[in-house]
Amino acid sequence: MGLAVALHDGMLSGERVHGSHYALNDGLGERWVLMQPPHGQVEVLTLAPALASHAPAEPAIRARAERMADVIAQAVTAVRRVERDAAGMRVVADAVAGIRLSDVLSQLESGGNILPHAGMLELASAVVRALAVLHRLSTGLAHGAVTPAHIVLRPDGTAVLTDSVFGTALESLEWNREQLWREFHVALPAAASLPRFDQRADVTQLGAVVLAIALRRRLRDDEYPRGAADLVLAATADRSAHGASALRMWLQQALQLHSRSMFPSAVEAQRAFLEIAPAPGPGRAGARAVSALLQPPAC
């Protein structure tokens, strides 16, 4: 099974959606939404020079896109095309209706919205589940860039992972984890050599995302990796909150703060998280809180 639209070099055609141009704080590049029949709306990412000009990155992205083309999962967006021309290199993927988690965290940090403890657990559960779905599909299959900017929350509260084709390309940069965090906000575990973008790395990235959800704000450039342990304590300081100590232990394992206790994949991380919070679903207080959080603002 190949990509729905074959990978090739060529010009991008279609009608831009009004007001769709934007840049995420993820270091990958600039984006816009394009109306492109027969697929409907697609998101076009023009890669930043750090990746577009790095020779090993392009074949790595194309190879990962080919592999991800065989992944059939509602929790991961499909890549339609990888292009290069005189204007640069672009990745075209399905556009997802919803709100990026990075935007939700910005709203929470500014005080524009409130997320109670039950809602925090519900939201975190949705993200944990999405990555576990991907890891269950194939042994060794990793996302590589799990960050709040690459998670879209649908109106029903489910989470979708975007930008799943960059892990190998980021690894090919051969940067240390401090550089990768500052440039791309990708969290990686400590390693004796250069970081590897495998399922273990995905779990560390997941831990950083859940930590941000628990703190109700984005993690700053200077807070990771050295400040991670203190942030975990701050996020779970309220001992009266349901499962606070269990959440602390889960975050420590996910972030691999103790080398002897860690989750090898998101499958095990989800299994452990179910002991803190049940699987996300309608009807509970947490689900109602997340639903209210994701409602568009009243005109």
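Residues numbered from 1 in each chain as written. Predicted model: local features only at pLDDT ≥ 70, side-chain atom pairs only at ≥ 80, totals over all residues. Heavy atoms only, no water.

A. Representation of the pattern of salt bridges. Throughout the structure, instances matching the rule amount to 15 salt bridges. Ionic pairing is found between Arg 31 and Asp 26, a salt bridge with its closest N-O pair at 2.7 Å. Comparing Arg 31 with Asp 26, the two get one shared label, buried. One continuous salt-bridge network, built from bridges that share partners, spans Asp 26, Arg 31, Glu 43, Arg 100 and Asp 163. (Salt bridge = Lys/Arg side-chain N within 4 Å of Asp/Glu carboxyl O. Buried < 20%, exposed > 50% of the residue type's maximum accessible area, 1.4 Å probe, protein only.)

B. Summary view of the side chain of Gln 270. Within the fold, Gln 270 resides in helix 10 (residues 266–273). Its relative accessible area of 12% is what places Gln 270 among the buried residues. Excluding anything up to four places from it in sequence, Gln 270 contacts Val 128, Arg 129, Ala 132 and Arg 136. (Helix = DSSP H or I, 4+ residues; strand = E, 2+ residues; numbered from the N terminus. Contact = heavy atoms within 4.5 Å.)

C. Structural detail: helix 3 (residues 101–110). Among the residues of helix 3, Leu 101, Ser 102, Val 104, Leu 105 and Leu 108 are the ones counted as buried. Taken around the axis of helix 3, the buried residues stretch over an arc of 155°, which confines them to a single face. Two residues or fewer after helix 3 comes Gly 111, characterised by a positive phi angle close to 85°. (Arc of directions from axis to C-beta.)

D. Representation of empty space enclosed by the protein in the model. Across all of its chains, the model carries three cavities of 30 Å³ or more by this definition. Around the largest cavity sit 13 residues that line it, and Arg 31, Glu 43, Val 91, Ala 93 and Asp 163 are the ones nearest its centre. At the level of elements, strand 4 (41–47) and strand 6 (88–94) are the ones that each hand at least two residues to the lining of the largest cavity. Classifying every residue of the lining of the largest cavity gives six nonpolar, three polar and four charged. (1 Å grid on protein atoms, 1.4 Å probe; cavity = no way out; pocket = protein on both sides within 12 Å on 5 of 7 lines; lining within 4 Å. Points joined across faces, edges and corners; volume = space filled by probe spheres on them. Nonpolar A, V, L, I, M, F, W, Y, C, P; charged D, E, K, R; others polar.)

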